[in-house]
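# Coordinate inspection notes
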Amino acid sequence: MGDLSFVTNWLMFTAILGLAALGGMFSERSGIVNIALEGKMLMAACITALVGGVSGSPIVGLCAGLASAVLLSLGHWALTQFYQLDHIVSGMGINLFAYGATNFIALTFIRPEVANQFLPIP
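Scope of this entry: the structure provided in the associated data block. Source: prediction; values computed, not measured. (Residues numbered from 1 in each chain as written. Predicted model: local features only at pLDDT ≥ 70, side-chain atom pairs only at ≥ 80, totals over all residues. Heavy atoms only, no water.)

## Remarks on helix 4 (residues 87–110)
- Helix length check: helix 4 (24 residues) gives 32 Å between terminal C-alpha atoms against 34 Å at 1.5 Å per residue, within 8%.
- Those residues of helix 4 not exposed but buried are His 87, Ser 90, Gly 91, Ile 94, Asn 95, Ala 98, Ala 101, Thr 102 and Ile 105.
- In this structure, the buried side of helix 4 is in contact with helix 2 (37–55) and helix 3 (58–82). (Helix = DSSP H or I, 4+ residues; strand = E, 2+ residues; numbered from the N terminus. Expected span 1.5 Å × (residues − 1). Buried < 20%, exposed > 50% of the residue type's maximum accessible area, 1.4 Å probe, protein only. Contact = heavy atoms within 4.5 Å.)

Here it is, written out as structure tokens:
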């Protein structure tokens, strides 16, 4: 029984990473180096969980998560194509923004009692 759960978990996680790698491949073929895929996935997962939990609807949460990833993609496009910023720098900035924003969202909205340990109120 343990082997079956290992195989199903392995297939589930490889599908997620495989889809991200496929998106990176298509992006690379079009001429855009997109290393911000992890940040987009992180932000979409966080927003999906937050909105889905607050609204009670997984469909609304999924739409909000997709919208957040699309907004980050539009930001990456604007930084690289409109402002002529380097693709690697823009991707790293988006990854750092997503990491910080999801940490802030988790500490502020999902688990506020944990945030009080780190941010003492005078």
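## Section: the side chain of Ser 27
- With respect to the secondary-structure elements, Ser 27 resides in helix 1 (residues 2–29).
- Residue Ser 27 is classed as buried on the basis of its relative accessible area of 12%.
- Each residue touching Ser 27, except ones within four places of it in the same chain, is listed here: Ile 32 and Asn 34.

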